[in-house]
Amino acid sequence: MQNAMMRGRLRPRELVENRVSFAGPSSELSIYDTYLPAERVGLSAGELLYCGMISGRKIIHGADEYTAEFLPQESFVMAPGAHIEIDFPDARTDCPTSCLTIEISRDRVDQICTRLNDSAPLEREFSEWRYRPDALIHTPHGQATQSLLQRLVATFSENSQDRDLLIDLGVSELVVRMLRQQTRDFLLGLCGQNPEINGLGAAVYHIQQQLDQPLDIERLCKIACMSRSRFFSEFKKHMGCTPLEFQQQLRMREARERLQRGEAVTRVCFDLGYRHLSHFSRRFHQQFGVSPKQYREQTAAESPERVD
């Protein structure tokens, strides 16, 4: 992301939310740099706005009194017509707070939903693939999404023969990842409310409730009332990953929340079923880019629920 970012930093026109933009097919990439602390800076979305932090820290104030930190390797999605206000508590001239946004047309999102409903329809009880503007998306993203965002920044800012095609492919992948994340969160909520919604839902709920235990695939197949091959096929279609990957992702989400509250790294590690601290630390670093100890030190001091 450095080349595109440097273009805005060489001669910034504004010290708060200095913007450099690049147009693409049905999309637009913008990079924002802020060089001074500021509060309650407004941001509105005309179309769907996918936001990713690059460096520094923001405090987001959204609808229904929603307030949260926005940190590197996190995604925040604004629905069309949404408005938020942003604080920049740590911005400095020598260390600006930076983020990117990718504005994506609603028509493009609808087209991708239609293709997903044709190629990978959900179980009838789970409704269909669609973007849910009322469901907040603010989540850490993994290395694959981080790499995709870096690739998109490079593609938007280059001048090559295949630029528009590559942008279109990258934006499509980003939308699919966003829809899978939102749909998975939606399905997790459904399974929590009604664990017996269907066989797959019962298996998902069982994994959620047994994060400290090794996966028993044969038991999960029996709970889902499916053969082994069908269970793996249906699980990946709905959750976007294998059962083992899903368990690891839930473990990492739980670990992140507990470390943010200030719980001890060792306690979190063994409570979530890891036998070796080194294995847990390696997984956490792969997911969030920092070690569990570093993450706890960075975030726990600011949490009102700190556990010492």
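A brief look at the structure comes next. This is a predicted model, so every value here is computed, not measured. (Residues numbered from 1 in each chain as written. Predicted model: local features only at pLDDT ≥ 70, side-chain atom pairs only at ≥ 80, totals over all residues. Heavy atoms only, no water.)

## Let's talk about the sheet that holds strand β5 (residues 58-61)
A sheet is described by the order of its strands in space; here four strands give the open sequence β3-β8-β5-β6, paired in antiparallel fashion. Pairing within the sheet leaves two strands with one partner each, and these edge strands are β3 (38-44) and β6 (67-70). Averaged over all pairs of adjacent strands, the angle between their axes in this sheet comes to 30°, without regard to strand direction. Looking at chain direction, β3 and strand β8 (residues 83-88) are connected through five bridges and run antiparallel. If you follow L43 over to β8, its bridge partner there is I84. (Pairing = 2+ DSSP bridges. Helix = DSSP H or I, 4+ residues; strand = E, 2+ residues; numbered from the N terminus. Axes fitted to C-alpha atoms, helices over the stretch in contact; angles between N-to-C directions.)

## Let's talk about empty space enclosed by the protein
Counting across every chain of the model gives one cavity of 30 Å³ or more. Counted as a void, the largest cavity has a volume near 50 Å³. Along the walls of the largest cavity sit L43, C51, K58, I60, F70, F76, I84, I86, C99 and T101, which together make up its complete lining. Of all the elements in the fold, those that place two or more residues in the lining of the largest cavity are β5, β8 and β9 (97-104). Of the residues contributing to the lining of the largest cavity, the split by class is eight nonpolar, one polar and one charged. (1 Å grid on protein atoms, 1.4 Å probe; cavity = no way out; pocket = protein on both sides within 12 Å on 5 of 7 lines; lining within 4 Å. Points joined across faces, edges and corners; volume = space filled by probe spheres on them. Nonpolar A, V, L, I, M, F, W, Y, C, P; charged D, E, K, R; others polar.)

## What to know about the side chain of S27
As for its position among the elements, S27 is in strand β2 (residues 27-34). With relative accessibility at 9%, the residue S27 sits in the buried group. For S27, the contacting residues outside a window of four places in its chain are E103, F156, I167 and V171. (Buried < 20%, exposed > 50% of the residue type's maximum accessible area, 1.4 Å probe, protein only. Contact = heavy atoms within 4.5 Å.)

## Examining the packing of helix α5 (residues 199-209) against helix α7 (residues 228-239)
Here α5 crosses α7 at 75°, and the two axes come no closer than 11 Å. Taken as axis vectors, α5 and α7 run roughly perpendicular relative to one another. Of the residues in α7, those touching α5 at L200, A203, V204 and I207 are F231, E234, F235, H238 and M239. (Parallel < 35°, antiparallel > 145°, perpendicular 65-115°, else oblique.)

## Some details on the pairing of strand β10 (residues 137-140)
Looking along a regular strand, one sees the side chains alternate between the two faces of the sheet. Only one face of β10 is buried: it carries I137 and T139, and the other face, with H138 and P140, is open. When strand β7 (residues 74-78) meets β10, the two strands line up antiparallel, connected through four bridges. If you follow S75 over to β10, its bridge partner there is T139.

## Examining the sheet that holds strand β4 (residues 48-55)
Spatially, β1-β2-β9-β4-β7-β10 is the arrangement adopted by the six strands of the open sheet, whose pairing is antiparallel. The open sheet has two free edges, formed respectively by β1 (18-24) and β10, since each of these has just one partner strand. On average, each strand axis in the sheet is inclined to that of its neighbour by 15°, with strand direction left out of account. Alignment of β4 against β7, held across four bridges, turns out to be antiparallel. Each bridged residue has a counterpart across the sheet, and for C51 the counterpart in β7 is F76.

## A word on the layout of surface pockets
There is about 1400 Å³ of room inside the largest pocket. What lines the largest pocket is a set of 49 residues, and nearest its centre among them are T139, P140, H141, Q181 and Q287. Examining the composition of the lining of the largest pocket, we find that eleven residues originate from one element, helix α8 (residues 243-260), more than from any other. A per-class count over the lining of the largest pocket returns 21 nonpolar, 15 polar and 13 charged.

## Re the nonpolar core
Y131, M178, F231, F246, F280 and F284 are the most contacted members of the largest nonpolar core, which has 67 residues in total. Here this core gets ten residues from one element, more than from any other, and that element is helix α4 (residues 163-193). Other than its neighbours up to four places away in sequence, Y131 contacts L48, V77, M78, A79, P80, V109, C113, I137, M178, L179 and Q182. Among the nonpolar cores identified, the runner-up in size contains 17 residues, and C51, M53, F88 and C99 belong to it. (Core = buried A, V, L, I, M, F, W, Y, C linked by side-chain atoms within 4.5 Å.)

## A closer look at a nonpolar patch on the surface
Together, L15, V16 and L36 give the surface a local cluster of nonpolar side chains, amounting to about 210 Å² of exposed area. By the element assignment, L15 lies in the loop between α1 (2-10) and β1. Under the relative-accessibility criterion, L15 is labelled partly exposed at 42%. (Patch = residues over 30% accessible without salt bridge, like charges linked within 9 Å, V, L, I, M, F, W, Y side chains within 5 Å. Areas by Shrake-Rupley, 256 points an atom, 1.4 Å probe, with all protein chains shown as cover. Salt bridge = Lys/Arg side-chain N within 4 Å of Asp/Glu carboxyl O.)

So, to be careful, I would describe these as geometric facts and stop short of saying anything about function.
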